[in-house]
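Structural overview
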Amino acid sequence: MFLSQEDFATVVRSTPLISIDLIVENERGEFLLGKRTNRPAQGYWFVPGGRVQKDEPLALAFERLTQAELGKRFAMEEGEFYGVWQHFYDDNFSGKDFSTHYIVLGFRLRVKEAALTLPTEQHNAYRWMKPEQLTASEEVHDNSRAYFLAERKAEVPGL
């Protein structure tokens, strides 16, 4: 189900969105980051991921998002659940004056880098970085750095 820009703005203004973030690791222990071309977090390096659509089972969302974000379809069972996170942004997709709130399901996914065909719809460049590099970089969005900081592990107690 696709919403008009106006209807989607009402949703973003009124409720949290559910998304899946992919913490993608290659054979060298490096993690994939894309430079975002859209809001929120535009211009920052960020892990791949995307929204879960209404009436879309999580397993199908995972497959759709891995295909869209990595150029290769992975089953949810190929990933390792990494926890529930909350992302808060001062802006939103439209650039209008309201915030965005995501409830994020993180999944770690180990891949063969050569098997990926990275698309350019949401990112205009990609990097593979070691955890110590990405946590030290101000160009990496704080919400992506959090996946690699022990003190910022999953924000929901008991998970």
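Residues numbered from 1 in each chain as written. Predicted model: local features only at pLDDT ≥ 70, side-chain atom pairs only at ≥ 80, totals over all residues. Heavy atoms only, no water.

- Naming follows an unreviewed UniProt entry, where the chain appears as GDP-mannose mannosyl hydrolase of Franconibacter pulveris.
- For the chain, the Catalytic activity (unreviewed entry) comment in UniProt is given as "GDP-alpha-D-mannose + H2O = D-mannose + GDP + H(+)".
- Database annotation for the chain, UniProt heading Sequence similarities (unreviewed entry): "Belongs to the Nudix hydrolase family." (UniProt positions renumbered as here; feature names shortened; annotations may be inferred.)

**Section: the packing of aromatic side chains**
- The final tally for this structure, using the stated rule, is 8 aromatic pairs.
- Note on F62 and F107: the rings are 5.2 Å apart at their centroids and 70° apart in plane angle, and the pair reads as edge-to-face. Here F62 is found in helix α2 (residues 58–70), whereas its partner F107 is found in strand β6 (residues 100–110), with 45 residues between them in sequence.
- Site record: aromatic cluster; members linked through ring pairs are F62, F81 and F107.
- The aromatic ring of F98 is capped on one face by R13, whose charged end is 4.5 Å from the ring centroid.
- The aromatic ring of F74 is capped on one face by K72, whose charged end is 5.1 Å from the ring centroid. (Phe/Tyr/Trp six-rings, centres within 6.5 Å; stacked < 30°, edge-to-face > 60°. Helix = DSSP H or I, 4+ residues; strand = E, 2+ residues; numbered from the N terminus. Lys NZ or Arg CZ within 6 Å of the ring centre and 35° of its normal.)

**Describing the pairing of β6**
- Of all 11 residues in β6, 8 are buried, a share of seventy percent or more.
- As paired strands, strand β1 (residues 17–25) and β6 are joined by 9 bridges and run parallel to one another. Looking at the pairing, I23 lines up with R108 of β6.
- Alignment of strand β5 (residues 80–89) against β6, held across 9 bridges, turns out to be antiparallel. Paired with E80 across the two strands is R108, which belongs to β6. (Buried < 20%, exposed > 50% of the residue type's maximum accessible area, 1.4 Å probe, protein only. Pairing = 2+ DSSP bridges.)

**A word on the pattern of salt bridges**
- Going through the model one piece at a time under the given rule, you end up with 9 salt bridges.
- A salt bridge links E113 to R28; the nearest nitrogen and oxygen atoms lie 2.7 Å apart. With E113 in the loop between β6 and β7 (123–129) and R28 in the loop between β1 and β2 (31–36), this residue pair connects regions lying 85 residues apart in the sequence.
- Classification of E113 as partly exposed rests on a relative accessible area of 26%.
- Residue class for R28 comes out partly exposed when judged on its relative accessible area of 46%.
- In this structure, R127 and E139 form a salt bridge, with 3.5 Å as the shortest nitrogen-oxygen distance. Taken together, the positions of R127 in strand β7 and E139 in the loop between α3 (131–136) and α4 (142–145) put the pair 12 residues apart, joining distant regions of the chain.
- Given a relative accessible area of 31%, R127 falls into the partly exposed group.
- Its relative accessible area of 43% is what places E139 among the partly exposed residues.
- Taken together, the shared-partner salt bridges connect E25, E80, R108 and R110 into one network. (Salt bridge = Lys/Arg side-chain N within 4 Å of Asp/Glu carboxyl O.)

**A look at the nonpolar core**
- Counting 23 residues, the largest nonpolar core has I23, L33, W85, L134, V140, Y147 and F148 as the members making the most contacts within it.
- At the level of secondary structure, the elements contributing two or more residues to this core comprise α1 (5–14), β1, β2, β3 (45–46), β5 and β6.
- By size, the runner-up hydrophobic cluster in this structure holds 17 residues, among which are L32, F62, L105 and L116. (Core = buried A, V, L, I, M, F, W, Y, C linked by side-chain atoms within 4.5 Å.)

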